[in-house]
Amino acid sequence: MNADVPACVDILADILQHSKLESSAIERERDVILREQEEVDKQTEEVVFDHLHATAFQGQPLGRTILGPKENILSIKRDDLESYIKKNYTADRMVLVGAGGIPHEQLVELADKYFSKIPSSSSEAAVKEQPDFVGSEVRMRDDTMPTANIAIAVEGVGWNDPLYFPALVTQAIVGNWDRAMGHSPYLGSKLSTFVHQHNLANSFMSFSTSYSDTGYVNVA
């Protein structure tokens, strides 16, 4: 085994189990996240998908953004992080993966050496409920913008559903289109031809997004 592999696993284990969570580091990271959020908010074509999730799965964890609301970022404390780690950093929620010429048996030995003290499961039983797809809409008007960013979705399927691959085929048939592409008038998609001929948009993209037990198909 490459000598670097044990060192890498040792470092990962130390980060995972012995992070100091110093107040100064938390404050630095808080500033970084707030700046990231400001940059994301400027990208309207990305924010529209946050709104899509929020309205499609409103009032549910799946509808929340990755960065979360600003008030949470401002208020989170060291105790909150410790509580989250204690509750969620358990063996049944982790996978140690090696890529390349790493013998499986030796990786198992490293996992036993460095991660055996991690609790096997959380003391709090996880409550898993299938998210409900909610039909509704959100409109945010800004008359200073010359164009509109629109995302439309219908309920899709999860990874294990028999219709998962047909949903991907459907997404491929609808395809993506951008007026700036030199061959944009000649794509095979009927939707792209119709949009181009009637000057309905500058571009559109289609997605088939799946999670463990739900998903959505959308055009934006």
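Rules of the game
Residues numbered from 1 in each chain as written. Predicted model: local features only at pLDDT ≥ 70, side-chain atom pairs only at ≥ 80, totals over all residues. Heavy atoms only, no water. Phe/Tyr/Trp six-rings, centres within 6.5 Å; stacked < 30°, edge-to-face > 60°. Helix = DSSP H or I, 4+ residues; strand = E, 2+ residues; numbered from the N terminus. Contact = heavy atoms within 4.5 Å. Axes fitted to C-alpha atoms, helices over the stretch in contact; angles between N-to-C directions. Left-handed = near helix turned anticlockwise from the far one by under 90°. Nonpolar A, V, L, I, M, F, W, Y, C, P; charged D, E, K, R; others polar. Buried < 20%, exposed > 50% of the residue type's maximum accessible area, 1.4 Å probe, protein only. Salt bridge = Lys/Arg side-chain N within 4 Å of Asp/Glu carboxyl O. Core = buried A, V, L, I, M, F, W, Y, C linked by side-chain atoms within 4.5 Å. Pairing = 2+ DSSP bridges.

A. Region of the structure containing the packing of aromatic side chains. Evaluation of the coordinates by the stated rule reveals five aromatic pairs. Ring geometry for F57 and F133: centres 5.7 Å apart, planes at 90 degrees, overall edge-to-face. Linking F57 in the loop between helix 3 (44-56) and helix 4 (70-75) with F133 in the loop between helix 6 (104-115) and strand 1 (152-155), this pair joins segments that are 76 residues apart in sequence.

B. Highlighting the environment of G156. Checked against the element boundaries, G156 lands in the loop between strand 1 and helix 7 (164-174). With 51 residues separating them in the primary sequence, G156 and E105 have C-alpha atoms 40 Å apart. Residue contacts for G156: discarding those within four places in its chain leaves G215, Y216 and V217.

C. View of the packing of helix 1 (residues 4-18) against helix 6. One can describe the packing of helix 1 onto helix 6 by two numbers: an axis separation of 10 Å at closest approach and a directional angle of 35 degrees. Classified by chirality, the crossing of helix 6 by helix 1 is right-handed. Contact residues: helix 1 offers V5, P6, V9, D10, L12, A13, L16 and Q17, while helix 6 offers L110, Y114 and F115. Taken together, the residues of the contact of helix 1 with helix 6 break down into nine nonpolar, one polar and one charged.

D. Spatial organisation of unusual backbone geometry. The backbone of L21 sits at a positive phi, close to 50 degrees, despite the residue not being glycine. Within the fold, L21 resides in the loop between helix 1 and helix 2 (23-42). Although it is not a glycine, N199 adopts a positive phi angle of roughly 50 degrees. Note that N199 resides in the loop between helix 8 (190-197) and strand 3 (203-204). On the basis of relative accessible area, N199 is assigned to the exposed category, the value being 57%.

E. Just the pattern of salt bridges, in detail. Going through the model one piece at a time under the given rule, you end up with five salt bridges. R30 is paired through a salt bridge with E27; the nearest N and O atoms lie 2.8 Å apart. Here the residue R30 and the residue E27 both occupy positions in helix 2, the gap between them amounting to three residues, near one helical turn. A salt bridge links E82 to R78; its shortest N-O distance comes to 2.4 Å. Taken as a pair, E82 and R78 lie in helix 5 (residues 78-88) at a separation of four residues, close to a single helical turn.

F. Here's a closer look at the nonpolar core. Residues V5, V9, A13, L110, Y114, F115 and I118 constitute the largest nonpolar core, which totals seven residues. Of all the secondary structure elements, the ones that give two or more residues to this core are helix 1 and helix 6. Setting aside its immediate chain neighbours within four residues, V9 contacts L110, Y114 and F115. Within the second largest apolar cluster, six residues are counted, among which are V48, A56, F57 and Y216.

G. Molecular detail of the pairing of strand 5 (residues 215-219). With four bridges connecting them, strand 1 and strand 5 associate as antiparallel partners. Within the sheet, the bridge partner assigned to I152 lies in strand 5 and is V219. Examined bridge by bridge, strand 4 (residues 206-210) and strand 5 share five bridges and lie antiparallel to one another. Bridge pairing in strand 5 places T209 opposite Y216. Between strand 4 and strand 5, which pair antiparallel and follow one another directly, the connecting turn spans four residues.

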